[in-house]
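# Residue-level structure breakdown
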Amino acid sequence: MYLVLCHSNDHAAIWAWQALGAAGLPRVELVTTEGLASIRGWKHSLGDGGAVDTSFRLPDGRVATEADIEGVLNRLSAPPHEITAHAAPNDRDYAQQELAAFYLSWLHSLGGRVINPPTAQGLGGRWRHASEWALLAHRAGLRTPVYRQSHRDRDDLGYASLAPAGADVLRILVAGGEAFGPALPLAVRESCVELGALAETPLLGVDVYREPAGWRFANATPLPDLTIGGSAFARRLALCLRRPETLQPAHARKGELR
Amino acid sequence: MILLCGIPSETPLRMVRERLDDLGVDYVLFNQRHFADSEAWFETANGEVRGELRIGPAVYALQDFNAVYTRLMDDRCLPELDGEGPESPLRRHCRGLHETLLRWMEIAPAMVINRCAAMASNSSKPYQAQLIEQSGLLTPPTLITSDPAEVRAFQARHGRVIYKSISAVRSIVHTLSEEDNDRLNRIQWCPTQFQGFVEGTNVRVHIAGNRVYATAIETEATDYRYAKRQAGEPAELREVELAEPLAEKCIALARRLGLVFAGIDLKITPDDRVYCFEVNPCPAFSYYEANTGQPISEGVALCLADADAHRATSDAVMNCAALA
């Protein structure tokens, strides 16, 4: 089976669940955080030099084993609050951290079957500070504005877009080494794909904004709006879930250096 | 230049600072309790990172720091902020300054002991265990489950079983006892981590760059850090030497996790099997150094000095090449 893991208000993931089915991917199950919270019988075994083995019981009673999961579209940003809401107030944060640590281990054990792979800096892919994105975007070949931070700034500054207010911002969707979304110059699209590879985030939303001299990097997210990719994106995503080796950009698959 | 960050009286930071003094190596100390008289900024432009740190009257270019040792404490808990409201200018200045320094450390082209990103694997022990096994070390047999029947079956298979947190929070190890059986049903709401108890000798291995300091810990306690509470006696520590292949595996593991300085918890069984429990990315090594005299702080200081000298040399070579 293929899982789409997401929060119940993640409309883009719910769209992808339907679009993947329409693209011919069989046995696609939507598992919202509410659904995840109601999973029972978790058994996650590891250590002693053996392979990691996981099984659990879905809300409808079916038992899913390691081998049953063929692929996962992973859109988790946090563990289900449905579980921790019932914990004693002093234990809520602890329970939340425990669940996040557990889901990270489980999803990591599934290896290349998970898009985006979970990281310790974000269950649905690594969240990066604007300064990190700016450096990576520069390395990927995108024109990048200066990012500046000082003691005078609020600590959430680094998670905002680098585009100036009122700028003409467009979002590119990178998946499996291809760019989807609005028509932009080929070099910009290729650099966005390269950014996804450098960030080790196969499914990446990249915002760029227009300046007289061309397009500049504004922001990136591992949890992009998937709907902008349309059916072409859904077909590509379905292929990536079926054949994880197709996740990398074409030049990386051929072993070429850029 | 070397930058030290934290509270100077905090033992690990104090010890590293003293070793740098012994070595005659210059450093700059950012005392976070003096935040009110400090400022910082950095910027990224065209792939370069530059900025400034002002401490009192002295101003340093951030790009001149080649090595950083950070023991920054949670800035929200500094005593200088007692009585300050959540949005007070002093508190905002303190937060902004620390956030700026922390963010700079994540991207600085300097050796940093250790970056937050590298330390993050410790937030999930079974996730880190998978990385440890990929480095060629065994990890204990582990079951994370929300099914009490699975716990009983695991206990029947392994005999003595311990339980501990999955995350880095409330990380105290306990042996699963008869009394715990009565409350085992509670785990159905939150998967819980159990491990087969591994008999043997605890060994803490501190890795500082390529330097290895191994300390054996003898105790009857389940968690030697709480030996006095759990076994009534403090643990006994002694210096040991690791076989070279094992030392190399430990160095490789720290490197794989991106850690310049790490505390690796091993257990060596009577039949010489080596299990790795976890890698501490921010080890408070002073406990081990104080009990054994092992020069761990010197190892950290030498790492910093090496990185500083190496980067300065590299820059000098590059500058000469550019001039030629």
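Residues numbered from 1 in each chain as written. Chains lettered and ligands numbered in written order. Predicted model: local features only at pLDDT ≥ 70, side-chain atom pairs only at ≥ 80, totals over all residues.

The sheet built from seven strands is open, its strands ordered 5(A)-4(A)-3(A)-8(B)-11(B)-9(B)-10(B) with antiparallel pairing. Of all the strands in the sheet, the pair left with one neighbour each is strand 5 (63-65) of chain A together with strand 10 (174-175) of chain B. Alignment of strand 9 (residues 161-164) of chain B against strand 11 (residues 192-196) of chain B, held across four bridges, turns out to be antiparallel. Opposite B:Val161, over in strand 11 of chain B, you have B:Gly196 as the bridge partner. On top of the sheet, helix 4 (residues 92-109) of chain A reaches strand 3 (40-47) and strand 4 (50-57) of chain A together with strand 8 (142-145) of chain B; it is set at about 115° to strand 4 of chain A, its chief contact. Across the sheet, helix 5 (residues 148-158) of chain B lies against strand 3 of chain A together with strand 8, strand 9 and strand 11 of chain B, angled at about 165° from strand 8 of chain B, the strand it touches most. (Pairing = 2+ DSSP bridges. Helix = DSSP H or I, 4+ residues; strand = E, 2+ residues; numbered from the N terminus. Contact = placed C-beta atoms within 7 Å. Axes fitted to C-alpha atoms, helices over the stretch in contact; angles between N-to-C directions.)

Attention now moves to the interface of chain B and chain A. With 49 residues of chain B at the interface, the matching set in chain A holds 44 residues. Looking at the side of chain B that touches chain A, the elements that each hand over two or more residues are strand 3 (38-45), helix 2 (89-107), helix 4 (125-134) and strand 8 of chain B. Broken down by element, the residue count for the side of chain B that touches chain A peaks at nine residues, all from helix 2 of chain B. Across the side of chain B that touches chain A, the residue classes break down as 21 nonpolar, 17 polar and 11 charged. In this structure, strand 3 of chain A lies alongside strand 8 of chain B, joined through four bridges in antiparallel fashion. Note on strand 8 of chain B: the bridge partner recorded for A:Ser45 is B:Leu143. (Nonpolar A, V, L, I, M, F, W, Y, C, P; charged D, E, K, R; others polar.)

Where helix 4 of chain A meets helix 4 of chain B, the axes come as close as 7 Å, and the angle between the chain directions of the two elements is 35°. Contact with helix 4 of chain A, carried on its side by A:Ala101, A:Leu104, A:Ser105, A:His108 and A:Ser109, involves B:Lys125, B:Pro126, B:Tyr127 and B:Gln130 of helix 4 of chain B and no other residues of that element. Its residues placed into classes, the contact of helix 4 of chain A with helix 4 of chain B shows four nonpolar, four polar and one charged.

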